[in-house]
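# Examination of the molecular architecture
One-letter residues, chain by chain:
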Amino acid sequence: MESKVSEGGLNVTLTIRLLMHGKEVGSIIGKKGETVKKMREESGARINISEGNCPERIVTITGPTDAIFKAFAMIAYKFEEDIINSMSNSTATSKPPVTLRLVVPASQCGSLIGKGGSKIKEIRESTGAQVQVAGDMLPNSTERAVTISGTPDAIIQCVKQICVVMLEVQCVGVASPPKGATIPYRPKPASAPVIFAGGQVRADPLGASTANLSLLLQHQPLPAYSIQGQYAIPHPDVWMPVPRQVLMNSPYQMI
């Protein structure tokens, strides 16, 4: 985060990270990337979306505070538009709230919650948005998810107040600065199913945690084929052929 004091007060370049599901990311990108291009141009913020075949993606928004808030407003109103469109084919009578998930360093969550929950209560009451800070850190990181729900206007006001708290921690020195390096959350790629030499179809053991990997391999044969789309690809580390009867009964095409 970069900051400097100007005549208008604190002029800051912020980086805010959002955690989104694939469908949400698709809505933000739009057809041929037209939606995200429009958001970048009209807000003036840099909007980057993480790569990878993951159920979740990280959307990083960087820019001056005004640009950040404009980008958030465009995202919130786009999600509200999606909700309204989905209700046209639904029997639901009440409109669900717009929900965004911020990714915040765990070291900053204490300032966001406040003593006895006073700060987060103040943010909820003044903005009308629901704010929840996850108790556990996101996998393999030192970050937590902060979920904000409400109307687009409530979400925008809530994000502004959260940014003020983060700036107080990092720039003004009202609170102690975060200690230690932040390990950012990186969504895990979707694991591909594999066919083991014994004929079982399981999730890729490489998707297992390091602690459980050795135990898993003790009880499972090595994967003979991994599934990509409608095809079974021979695993490079296994030379043992799969029995012909197993191949004949497999729903996948062998190549």
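Along each chain, the written sequence defines residue order, and numbers are assigned to residues from 1. The model is predicted, so local features are restricted to residues of pLDDT at least 70 and side-chain atom pairs to those at 80 or more, both for listing and for counting; the totals for chains, interfaces and linings are taken over all residues. Only heavy atoms go into the side-chain values, all of them from the structure, while hydrogens and water stay out.

The name recorded for the chain in an unreviewed UniProt entry is K Homology domain-containing protein, from Engystomops pustulosus.

## What to know about the overall build of the chain
Applicable threshold: Helix and strand labels come from DSSP, where a helix needs a run of H or I of at least four residues and a strand needs a run of E of at least two; each type is numbered from the N terminus. Here the term buried applies to any residue with accessible area under 20% of the maximum for its type, exposed to any over 50%, and partly exposed to those in between, with areas from a 1.4 Å probe on protein chains only. In this analysis, two residues are considered to be in contact whenever any of their non-hydrogen atoms come within 4.5 Å of each other. Accessible surface area values rest on a Shrake-Rupley calculation with a 1.4 Å probe, where residue burial reflects the displayed protein chains alone.
A tally of regular secondary structure across the chain gives eight helices and 12 strands. Expressed as a percentage of the 255 residues in the chain, the buried residues total 36%. In the chain, of all internal contacts separated by at least 6 residues, the share reaching a separation of at least 24 is 58%. Accessible surface, the chain as shown: approximately 15,100 Å² in total, 53% of it carbon and sulfur.

## Overview of the pairing of strand β3 (residues 46–49)
Keep this limit in mind: Strand pairing is assigned whenever DSSP detects at least two bridges linking the two strands.
The alternating pattern of β3 places Ile47 and Ile49 on a buried face, while none of Arg46 and Asn48, on the opposite face, is buried. Across four bridges, β3 lies against strand β4 (residues 56–64) in antiparallel orientation. If you follow Arg46 over to β4, its bridge partner there is Thr62. Taken together, β3 and the strand that follows it, β4, pair antiparallel across an intervening segment of six residues, in which Gly52 is found at a positive phi of about 115 degrees.

## Topic: helix α4 (residues 106–113)
Which entries qualify depends on this criterion: Summarising the geometry, the arc corresponds to the directions from the helix axis toward the C-beta atoms.
When α4 is considered as a whole, its buried residues turn out to be Ala106, Gln108, Cys109 and Leu112. The buried residues of α4 occupy an angular sector of 140 degrees when projected down its axis, which confines them to one face. Among the residues trailing α4, Gly114 stands out with phi positive, at a value near 80 degrees.

## A short note on the pattern of salt bridges
Stated formally: Each reported salt bridge corresponds to a side-chain nitrogen of Lys or Arg within 4 Å of a carboxyl oxygen of Asp or Glu.
Under the defined criterion, the tally for this structure stands at five salt bridges. The partner of Arg17 in a salt bridge is Glu143, and the shortest N-O contact between them spans 2.6 Å. With Arg17 in strand β2 (residues 9–21) and Glu143 in strand β7 (residues 143–150), this pair connects stretches of sequence that are 126 residues apart. One salt bridge in this structure joins Lys78 and Asp82, with 2.8 Å as the shortest N-O distance.

## Some words on the packing of helix α1 (residues 22–29) against helix α3 (residues 65–87)
The criterion, for reference: Axis definition: a line fitted to C-alpha atoms, limited for helices to the stretch in contact. Angles are taken between N-to-C directions and run from 0 to 180 degrees. Any angle that falls under 35 degrees is termed roughly parallel, while one over 145 is termed roughly antiparallel, one within 65 to 115 roughly perpendicular, and all others oblique. The sense of a crossing depends on the near helix, which, turned anticlockwise from the far helix by less than a right angle, makes the crossing left-handed and, turned clockwise, makes it right-handed. Note on residue classes: Ala, Val, Leu, Ile, Met, Phe, Trp, Tyr, Cys and Pro are nonpolar, Asp, Glu, Lys and Arg are charged, and everything else, Gly too, is polar.
At a minimum axis separation of 10 Å, α1 and α3 run at an interaxial angle of 110 degrees. The pairing of α1 with α3 is recorded here as roughly perpendicular in orientation. In this structure, α1 meets α3 at a crossing whose hand is right-handed. When α1 is examined against α3, the residues Glu24, Ser27 and Ile28 are found in contact with a partner set consisting of Ile75, Lys78, Phe79 and Asp82. Taken together, the residues of the contact of α1 with α3 sort by class into three nonpolar, one polar and three charged.

## A closer look at the pairing of β7
Along β7, six of the eight residues are buried, which leaves the element largely enclosed by surrounding structure. Pairing of strand β6 (residues 130–133) with β7 involves four bridges; the strand directions are antiparallel. In the sheet register, Gln130 faces β7, and the bridge partner there is Ser149.

## Digging into the nonpolar core
As a reminder of what qualifies: Only buried residues count toward a nonpolar core. Its members are Ala, Val, Leu, Ile, Met, Phe, Trp, Tyr and Cys residues joined through side-chain atoms within 4.5 Å.
Core analysis: the biggest nonpolar cluster contains 44 residues, and Leu18, Ile61, Phe72, Ile75, Leu102 and Ile162 have the highest contact counts within it. A per-element tally of this core places helix α6 (residues 152–172) first, with nine residues. Setting aside anything within four residues of it in sequence, one finds Ile75 in contact with Leu18, Met20, Ile28, Met39, Ile61 and Leu100. Ile58, Leu138, Ala145 and Tyr185 belong to the second-largest nonpolar core, a separate cluster that totals six residues.

## Let's talk about the side chain of Arg17
Applied cut-off: Definition of a polar contact: a pair of N or O atoms within 3.5 Å, with one able to donate and the other able to accept a hydrogen when the atoms are protein atoms, and with sequence-neighbouring residues admitted only if both atoms are side-chain atoms.
With relative accessibility at 17%, the residue Arg17 sits in the buried group. Looking at Arg17, its side chain comes within polar contact range of the side chain of Glu143, at 2.6 Å. With near-sequence residues (within four places) excluded, Arg17 lies in contact with Ile58, Val59, Thr60, Arg101, Leu102, Val103, Glu143, Pro184 and Tyr185.

## Here's the deal with the packing of helix α2 (residues 34–43) against α3
Running from N to C, α2 and α3 point in directions that differ by 145 degrees, and their axes come no closer than 9 Å. In terms of crossing hand, the pair formed by α2 and α3 is right-handed. Contact with α2, carried on its side by Thr35, Lys38, Met39, Glu42 and Ser43, involves Ala67, Lys70, Ala71, Met74, Ile75 and Lys78 of α3 and no other residues of that element. Of the residues belonging to the contact of α2 with α3, the class tally is five nonpolar, two polar and four charged.

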